[in-house]
Amino acid sequence: MSDPTAPGSVRPGGRTARVRAAVLRAAGDLLAERGFAALDLTEVAARAEVGKTTVYRRWRTPAGLVADLLADMAETSLPHSDTGSLRGDLLENARLVAKTLTDTRQGRLFRAVIAAATSDDTAATALRAFYSTRLTEWSPCIQAAITRGEVPPETDPRAVLSAVSAPLYYRLLASGDPVDDAAIHTAAEAAALAAENGVFAVSTTQSQN
């Protein structure tokens, strides 16, 4: 259960919503430009043209800002696809991940957040929550593939979807290879083939451990 007192946990409306949007936009810009270490709440307030007292009272710390920024990104990201086939859905998922990672602003933003998550527990928790939300949103694609008989009934949807995005993130963060059309198709196809062959099928015994 989420902590209702955590920074950025309130989902307001009206003027407060506009303030939140402005602050998160400014925070995202600063993260993309300079990284987590340079995320200063006073500068964020100035960029957003809101009082710094408001920012400090509501978000408290840079990590609190990152947590709310990721929550907002998860809430506003595109819904899952329904192409009628496992391969089609996984390809659309791979395209969405790649679009995010190659975006001039969001690609740098994710690098900054991932770097922050290695040393800040609040940022790490927020990052895990972001990915959990996105995996939950796209899991019906795998459930539909199970219904169509494309993959075994015991297939773990989250494992399949993680297999799609993992090689794309590896290119972004480790190898430096381009996240291009060939990489997108390979990631989707490899995950689909593995799923069809039961690689992600979880047995009853495994699920109980």
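About the criteria used
Residues numbered from 1 in each chain as written. Predicted model: local features only at pLDDT ≥ 70, side-chain atom pairs only at ≥ 80, totals over all residues. Heavy atoms only, no water. Salt bridge = Lys/Arg side-chain N within 4 Å of Asp/Glu carboxyl O. Helix = DSSP H or I, 4+ residues; strand = E, 2+ residues; numbered from the N terminus. Buried < 20%, exposed > 50% of the residue type's maximum accessible area, 1.4 Å probe, protein only. Core = buried A, V, L, I, M, F, W, Y, C linked by side-chain atoms within 4.5 Å. Contact = heavy atoms within 4.5 Å. Phe/Tyr/Trp six-rings, centres within 6.5 Å; stacked < 30°, edge-to-face > 60°. Polar contact = N/O pair within 3.5 Å; in protein donor to acceptor, adjacent residues only side chain to side chain.

Novice: Would you mind showing me how to read the pattern of salt bridges here?
Specialist: Side chains that carry opposite charge are capable of pairing whenever their charged atoms lie near each other. Across all of its chains, the model carries ten salt bridges by this definition. We note a salt bridge from Glu-189 to Arg-87, for which the minimum N-O separation is 3.1 Å. Pair noted here: Glu-189 is in helix H9 (residues 181-196) and Arg-87 is in helix H5 (residues 86-102), with a separation of 102 residues, a long-range link. When its relative accessible area of 32% is taken as the criterion, Arg-87 is described as partly exposed. The closest approach of N and O atoms between Arg-148 and Glu-150, which form a salt bridge, is 2.5 Å.

Novice: Explain the nonpolar core here, please?
Specialist: Side chains that are nonpolar tend, in soluble globular proteins, to be buried together. Judged by nonpolar contacts, the single largest core of 66 residues is most densely connected at Val-23, Leu-65, Leu-70 and Leu-90. In this view, Leu-65 contacts Val-23, Leu-24, Ala-27, Leu-39, Leu-41, Val-44 and Trp-59; residues no more than four positions away in its chain are not counted.

Novice: Looking at this model, I keep getting lost on the packing of aromatic side chains. Mind explaining?
Specialist: The geometry of two aromatic rings is summed up by the distance between their centres and the angle between their planes. Inspection of the entire model under this criterion finds three aromatic pairs. Aromatic pair Phe-130 and Tyr-131: ring centres 5.1 Å apart, planes at 80°, arrangement edge-to-face. Tyr-131 gets classed as partly exposed once you look at its relative accessible area, which sits at 24%. Their ring planes at 85° and their centres at 5.7 Å tell us that Tyr-131 and Tyr-169 sit as a pair that is edge-to-face. Of this pair, Tyr-131 sits in helix H7 (residues 121-148) while Tyr-169 is found in helix H8 (residues 157-175), placing the two residues 38 residues apart along the sequence. Exposure remark for Tyr-169: the relative accessible area of 14% places this residue in the buried category.

Novice: Can you help me understand the environment of Thr-61 in this one?
Specialist: With respect to the helices, strands and loops of the structure, Thr-61 is situated in the loop between helix H3 (52-59) and helix H4 (62-76). The partly exposed category is assigned to Thr-61, whose relative accessible area is 36%. When the C-alpha positions of Thr-61 and Asp-40 are compared, they lie 8.7 Å apart, and in sequence the two are 21 residues distant. Of the polar contacts made by the side chain of Thr-61, one reaches the backbone nitrogen of Gly-64; its length is 3.0 Å.

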